[in-house]
Amino acid sequence: WGRAAGYASRSMRDVTRLSRRLLPRIVTLALALAGSAHAEGPASKSDQATGCAASFEQSQVLRKNGQLRSAHEELLKCAQLQCREAIRNQCSAWLLDVENATPSLIIEATVDGEDRMDLQVAVDDKPATDWSPTKALEIDPGEHVLRVTAPHFPPSEKRIIMREGDKRRVFSFS
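All of these numbers come straight from a predicted model, not from anything done at the bench.

## Some words on the confidence of the model for the chain
Here's step 1: Across the chain, the average pLDDT comes to 82, with 72% of residues at or above 70.
Here's step 2: The low-confidence segment residues 1-9 (pLDDT under 50) makes zero contacts with residues lying over four places distant or belonging to another chain.
Here's step 3: For residues 36-43, every residue scores under 50 in pLDDT, and the model assigns this stretch three contacts once sequence neighbours within four places are set aside.

## Details of the packing of helix α3 (residues 68-78) against helix α4 (residues 85-101)
Here's step 1: One can describe the packing of α3 onto α4 by two numbers: an axis separation of 9 Å at closest approach and a directional angle of 155°. Taken together, the axis directions place α3 and α4 in an arrangement best described as roughly antiparallel. Here α3 and α4 pass one another in a crossing that is left-handed. Across from Leu68, His72, Leu75, Leu76 and Cys78 in α3, the residues of α4 making contact are Ile87, Arg88, Cys91, Trp94, Leu95, Val98, Glu99 and Ala101.
Here's step 2: Across the contact of α3 with α4, the residue classes tally to 10 nonpolar, one polar and two charged.

## A few points about the state of the cysteines
Here's step 1: Throughout the structure, instances matching the rule amount to two disulfides.
Here's step 2: Between the sulfur atoms of Cys52 and its disulfide mate Cys83 the distance is 1.9 Å. One disulfide, between Cys52 and Cys83, carries an S-S torsion of -80° and so falls in the left-handed class. Separated by 31 residues along the polypeptide, Cys52 in helix α2 (residues 43-64) and Cys83 in the loop between α3 and α4 bring together distant segments of the chain.
Here's step 3: For Cys52, a relative accessible area of 4% corresponds to the buried category.
Here's step 4: Classification of Cys83 by relative accessible area gives buried; the value is 3%.
Here's step 5: Take the cysteines of the chain that form disulfides and number them in order along the sequence; they join up as 1-3, 2-4.

Cut-off values and rules
Numbers given for residues are sequential positions, taken from 1 along each chain in its written order. In keeping with the model being predicted, local features are shown solely for residues with a pLDDT of at least 70 and side-chain atom pairs are shown and tallied solely at 80 or more, while totals for entire chains, interfaces and linings include all residues. Side-chain metrics rest on all non-hydrogen atoms present in the structure, leaving aside hydrogens and water. Confidence scores per residue from the predictor, reported as pLDDT, run from 0 to 100. What makes two residues a contact is simply this: any of their non-hydrogen atoms within 4.5 Å. Axes here mean lines fitted to C-alpha atoms, for a helix over just the part in contact, with angles spanning 0 to 180 degrees between N-to-C directions. Per the convention used, a helix needs a DSSP run of H or I reaching at least four residues, while a strand needs a run of E reaching at least two, with both numbered from the N terminus. Any angle that is under 35 degrees is reported as roughly parallel, and any over 145 degrees as roughly antiparallel; angles of 65 to 115 degrees are reported as roughly perpendicular and all others as oblique. The sense of a crossing depends on the near helix, which, turned anticlockwise from the far helix by less than a right angle, makes the crossing left-handed and, turned clockwise, makes it right-handed. Amino acids are sorted into nonpolar (Ala, Val, Leu, Ile, Met, Phe, Trp, Tyr, Cys and Pro), charged (Asp, Glu, Lys and Arg) and polar (every other residue, Gly among them). Any pair of cysteine sulfurs within 2.5 Å is marked as a disulfide. Relative accessibility under 20% of the residue-type maximum defines a buried residue, over 50% an exposed one, and the middle range a partly exposed one, all with a 1.4 Å probe and only protein chains included.

As structure tokens, this is what we get:
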């Protein structure tokens, strides 16, 4: 009996793991099918529902891959009023989760003890167009290279690791 109980226990763990992986896909498919079965009105309404379901699905792929900023954009789309209530409610809940998990950082730069506001900031060799010297910059979790350039000074770089949930982490350049 001991061996049989061990197989049953392992089998249940396998089923649990499989169901955790498949459940979001099953829910997405069920919502999409329910939406297409009950679609009424002009084609644009159906197109909106399809867009909502696509954003719902894509947000989970992005979220799982650590691309929280892109997942946030998709969740904003499927949390809109034109989306079906079930999708909208789930996207709204996930949106809060993603907002809480998305790391943010603050970049400080000083020269001779004076704060500098005239910086150019790049993250992973891409200009951080949404960077502001007065606000935190949201960034995906993972390893990144910050590059800060101030007029008349050579660029300065730091290799950093941001973790989910890191908020307002300060990086100083001088």
